[in-house]
Amino acid sequence: MKTIKILSFGICLIVLAACESMLDTKPQGVVSDEDLNNPEQVEQMVTAAYSFCGQNHFNKQMGLPYEEGSVRAGEAYKGGSGTGDNAERNRWETFVYMQATAVNDLDELWWVHYVAVGRIHDAMRRAKALTIEEYPERDQRIAELCFLRGHIYMYMKQCFKFFPYIDEDTPEDMYDKVSNDDLTDLELWGKLIDDFRHAVSVLPEQQSEVGRPTKFAAKAYLAKVLLFAAYEQDEKHNVVSVNQEKLQEVASLCKDIIDNSGKSLAYDFAENFLCEYENGPESVWAIQYTADTPQGRLNSWLINPVNDDYGCCGFLQPSVNMMNRYKTVHGVPDFENFNNGPALDNKDAFSSIPMDPRLLHTACVPGMPWKYDPSYIMQESWTRTPEVYGYSMSQKMIVLPDCDCFKKTNPFMGAGLNWDVLRLDEVMLWRAEALIQLGQGLDEALSLINRIRERAARSTIRLVFEDGTPTGRFEVEPYKPGVNCPAWTPDFAMQALRWERHLEFATEGKFFFDLVRWGIAAEYMNEYFAVEQTRRSYLEGAKFTKNRDEYFPIPQIQINYVKGLYKQNYGW
């Protein structure tokens, strides 16, 4: 039961005016401005700020950033009805023809984040104007809004690197005077860090209403931002140093969460992707979705199969490269030869090639049970354009069509399944990464990674056919240095850590941002294209340009709006 009521976009108390720029995002009330300055209305405005964090219109999404973080990382193909369907996203995927002058999706991606920030700042200003006596929840709500602002700006930082930092104290007549290069890269990270530090200092360890961040959620997000900020970049986006002090704090924060938050790994990996288990023991903070309202507040609009039970639209199709990465040898990843030999992308391969079961929690192919229902078998006809993108389909954010949290809202459909922004598995891997990069605690890093692998190994209960036989040849073991893997050196430990993040979070919109912060995006993506274009002809000519494609260009429409005030990203 979701306690924070997520308001449908059309019935919020505050109606946002349609606008073309982030400079015009002040909510226009249906009541007078003064009538909003009371605790009851401010509470509703805070809820409206939460609501927009789950706004998931197909080309203005604030929810799961799978195209920015997974399609651009080669974890999945764009999918849909071909390269011309949402054509700008095809340019995101192939990089070559990406343009700052794009007038649709890229500009919408920029704009929608500032709509969210506008809601946050309006609520924050009004909350600050009230006293504690008038509004006892005042300080906690302000801390929650700082948390939400940090969350929104984190995606601006990952996607664009530089953006105009506007806060609740920025006068409206100064919005067009704030440039995206007023702050350095590190100073901009510092603003996000400050928001999460404030949230940590105020928020309680537990919340009575599910969906509000706790002190531990704020610590987790602080650890994430510090980890990204620790990989310091020059103006060309090259990683030039790794800040040890920030890594020490990451390690400390993550240990506190692991030891004291009361969170634990779900027994089965599947439980992270089923409505009946949402807000469970592993979830640190989640965007709350629901199918309970007339239109629903739904996630994953475009990634459902194209069959009668669902209807549309077949996006986010797992790549052969990603699926092959789940191959195992002696129970551990086949680092050297994963992409050679038979592909792990079909039913016969699943039964014959040793594999990590997390693949079948992530992807499905014809002939296999769909979303843990042995009697509901995926058909070739479910894929929309197999001649372009093949037959694989994503499963993590999909629910069965007879699930209470599935809803059709013509012309689309989606799930009321939450999006876990922060989970304990990721906190554990952040600590492992920090320890490896610090060159200390390698044994603990090994233990943390192995705990994730041990959970993967037991996550096979739901992966069966109707007769009870396993749907794959599952062989997963913990790393045993000198037995099934090389010595646990810092270099090999980092390789294993990166691989584990890929296996654990594939198609969840994270990996591209990982590649950029590690400084290996160009090398990784061009190796991916060299092989994958032999499997998918539409990728012919795709190329990642180092010192440019690490970030999107600043949309030219936004630069024009402020008469050239914004500085374009390097390489564009």
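Predicted model only: the values in this text are computed from it and were never measured. (Residues numbered from 1 in each chain as written. Predicted model: local features only at pLDDT ≥ 70, side-chain atom pairs only at ≥ 80, totals over all residues. Heavy atoms only, no water.)

1. Looking at the overall build of the chain
At step 1: Of regular secondary structure, the chain possesses 18 helices and 16 strands.
At step 2: Taken over C-alpha atoms, the radius of gyration comes to 23 Å for the chain, in line with the 25 Å a tight globule of 572 residues would show.
At step 3: Each of the 572 residues in the chain was classed as buried or not, and the buried ones make up 64%.
At step 4: In the chain, of all internal contacts separated by at least 6 residues, the share reaching a separation of at least 24 is 72%.
At step 5: For the chain, the computed accessible surface area is about 20,700 Å², with 49% contributed by carbon and sulfur atoms.
At step 6: Each charge class in the chain was averaged separately, 58 positive and 83 negative side chains, and the resulting centres sit 1 Å apart. (Helix = DSSP H or I, 4+ residues; strand = E, 2+ residues; numbered from the N terminus. Rg over C-alpha atoms; globule rule 2.2 N^0.38 Å. Buried < 20%, exposed > 50% of the residue type's maximum accessible area, 1.4 Å probe, protein only. Contact = heavy atoms within 4.5 Å. Areas by Shrake-Rupley, 256 points an atom, 1.4 Å probe, with all protein chains shown as cover. Lys, Arg positive; Asp, Glu negative; His and termini not counted. Charge placed at Lys NZ, Arg CZ, Asp CG, Glu CD.)

2. Description of the state of the cysteines
At step 1: Overall, the coordinates contain two disulfides when judged by the stated rule.
At step 2: Here Cys275 is linked by a disulfide to Cys405, with a sulfur-sulfur distance of 2.0 Å. Given an S-S torsion of about 90°, the disulfide between Cys275 and Cys405 has right-handed geometry. Here Cys275, found in the loop between helix 8 (244-260) and strand 6 (283-287), pairs with Cys405, found in the loop between strand 13 (393-394) and strand 14 (406-409); they are 130 residues apart in sequence, far enough to count as distant. One exposure class covers both Cys275 and Cys405, and it is buried.
At step 3: Linked covalently through their sulfurs, Cys312 and Cys313 form a disulfide whose S-S length is 1.6 Å. Because the torsion about its S-S bond is 90°, the bridge between Cys312 and Cys313 counts as right-handed. (Disulfide = S-S within 2.5 Å.)

3. Some remarks on helix 8
At step 1: Compared with the 24 Å implied by 1.5 Å per residue over 17 residues, the 24 Å span of helix 8 between its first and last C-alpha is a close match.
At step 2: Among all positions in helix 8, only Lys246, Leu247, Val250, Ala251, Leu253, Cys254, Ile257 and Ile258 are buried.
At step 3: Of the surrounding elements, those touching the buried residues of helix 8 are helix 6 (185-202), helix 7 (215-230), strand 4 (231-233), strand 5 (239-242), helix 13 (424-438) and helix 14 (442-458).
At step 4: Between the side-chain oxygen of the N-cap and the backbone nitrogen of Glu245 there are 3.0 Å, and the N-cap of helix 8 in question is Asn243.
At step 5: Looking one or two residues past helix 8, Gly262 carries a phi angle of roughly 80°, positive in sign. (Expected span 1.5 Å × (residues − 1). Polar contact = N/O pair within 3.5 Å; in protein donor to acceptor, adjacent residues only side chain to side chain.)

4. Re the environment of Glu550
At step 1: Relative to the helices and strands, Glu550 is located in the loop between helix 17 (521-532) and helix 18 (556-561).
At step 2: Taking the C-alpha atoms as reference points, Glu550 and Val516, 34 residues apart in sequence, are found 6.0 Å from one another.
At step 3: Filtering out sequence-adjacent residues up to four positions away, Glu550 remains in contact with His237, Phe512, Val516, Phe544 and Thr545.
At step 4: Of the polar contacts made by the side chain of Glu550, one reaches the backbone nitrogen of Asn547; its length is 3.1 Å.
At step 5: There is a polar contact of 3.0 Å between the side chain of Glu550 and the backbone nitrogen of Arg548.

5. Structural notes on the pattern of salt bridges
At step 1: Tallying each qualifying case throughout the model produces 40 salt bridges.
At step 2: Residue Lys510 pairs with Glu426 through a salt bridge whose shortest N-O separation is 2.9 Å. Taken together, the residues span a long stretch of sequence, with Lys510 in the loop between helix 15 (490-505) and helix 16 (511-518) and Glu426 in helix 13 at a distance of 84 residues. Glu426 shares its class with Lys510; the two are buried.
At step 3: Three or more residues joined by partner-sharing salt bridges are found here, namely Glu282, Asp356, Arg358, Lys396, Arg423, Asp425, Arg453, Arg455, Glu500, Glu504 and Glu508. (Salt bridge = Lys/Arg side-chain N within 4 Å of Asp/Glu carboxyl O.)

6. Overview of a negative patch on the surface
At step 1: On the surface, Asp292, Asp308, Asp309, Asp402 and Asp404 cluster together to form a negatively charged patch.
At step 2: Residue classification places Asp404 among the exposed positions, given a relative accessible area of 75%. (Patch = residues over 30% accessible without salt bridge, like charges linked within 9 Å, V, L, I, M, F, W, Y side chains within 5 Å.)

7. Topic: helix 17
At step 1: With 12 residues, helix 17 should reach 16 Å at 1.5 Å per residue; the first-to-last C-alpha distance of 16 Å fits that figure.
At step 2: Along helix 17, the positions that sit buried rather than exposed are Ala521, Ala522, Tyr524, Met525, Tyr528, Phe529 and Glu532. Taken down its axis, helix 17 places every buried residue within 165° of arc, on the same side. In helix 17, the exposed positions that point more than 90 degrees away from the buried face belong to Glu523 and Glu527.
At step 3: The inward-facing, buried residues of helix 17 contact strand 3 (76-79), helix 3 (87-94), helix 9 (320-324), helix 15 and helix 16. (Arc of directions from axis to C-beta.)

8. Some words on the side chain of Arg517
At step 1: Looking at the element boundaries, Arg517 is found in helix 16.
At step 2: Relative accessible area serves as the criterion here: at 2%, Arg517 is assigned to the buried category.
At step 3: Among the polar contacts made by the side chain of Arg517, one reaches the side chain of Asp514 at a distance of 3.1 Å.
At step 4: Setting aside residues no more than four positions away along its own chain, Arg517 makes contact with Leu227, Phe228, Tyr231, Val239, Glu433 and Arg501.

9. What to know about the environment of Glu282
At step 1: With respect to the helices and strands, the residue Glu282 is situated in the loop between helix 8 and strand 6.
At step 2: On the accessibility criterion, Glu282 (1% relative accessible area) is buried.
At step 3: Distance in space between the C-alpha atoms of Glu282 and Leu400 is 22 Å, their sequence separation being 118 residues.
At step 4: Once residues within four sequence positions are removed from consideration, Glu282 is found in contact with Ser264, Leu265, Ala266, Asn272, Leu422, Arg423, Leu424, Asp425 and Arg455.
At step 5: A polar contact of 2.7 Å, which involves the side chain of Glu282, links it to the side chain of Arg455.

10. A short note on the confidence of the model for the chain
Predicted coordinates in areas of low pLDDT are best not read in detail.
At step 1: Averaged over all residues, the pLDDT of the chain is 92; the fraction at 70 or higher stands at 93%.
At step 2: Segment residues 1-25 is flagged for pLDDT under 50; beyond a separation of four residues in sequence, or across chains, it makes 72 contacts in the model. (pLDDT = per-residue confidence, 0-100.)

11. A word on the packing of helix 3 against helix 4 (residues 105-128)
At step 1: Their axes nearest at 9 Å, the elements helix 3 and helix 4 cross at an angle of 90°. Comparing their axes, helix 4 and helix 3 come out roughly perpendicular. Residue-level inspection shows Glu88, Arg89 and Trp92 of helix 3 in contact with helix 4, the latter providing Asp105, Leu106 and Leu109.
At step 2: In terms of residue class, the contact of helix 3 with helix 4 is made up of three nonpolar, no polar and three charged. (Axes fitted to C-alpha atoms, helices over the stretch in contact; angles between N-to-C directions. Parallel < 35°, antiparallel > 145°, perpendicular 65-115°, else oblique. Nonpolar A, V, L, I, M, F, W, Y, C, P; charged D, E, K, R; others polar.)

12. Examining the packing of aromatic side chains
At step 1: Inspection of the entire model under this criterion finds 37 aromatic pairs.
At step 2: Ring geometry for Trp189 against Phe228: centres 6.4 Å apart, planes inclined by 40°, an arrangement best described as tilted. One end of the pair, Trp189, is in helix 6; the other, Phe228, is in helix 7, and 39 residues separate them in sequence. Phe228 shares its class with Trp189; the two are buried.
At step 3: Ring geometry for Tyr310 against Trp370: centres 6.4 Å apart, planes inclined by 70°, an arrangement best described as edge-to-face. Placement of Tyr310 in the loop between strand 6 and strand 7 (315-318) and of Trp370 in strand 11 (residues 369-370) is noted, with a sequence separation of 60 residues between them.
At step 4: A relative accessible area of 1% places Tyr310 in the buried class.
At step 5: The structure contains a cluster of three or more aromatic residues connected by ring pairs, namely Trp92, Trp110, Tyr114, Tyr153, Phe160, Phe163, Tyr165, Phe552 and Tyr566.
At step 6: Across from the ring centre of Trp499, 3.8 Å away, lies the NZ or CZ of Arg325, which sits over that ring. (Phe/Tyr/Trp six-rings, centres within 6.5 Å; stacked < 30°, edge-to-face > 60°. Lys NZ or Arg CZ within 6 Å of the ring centre and 35° of its normal.)

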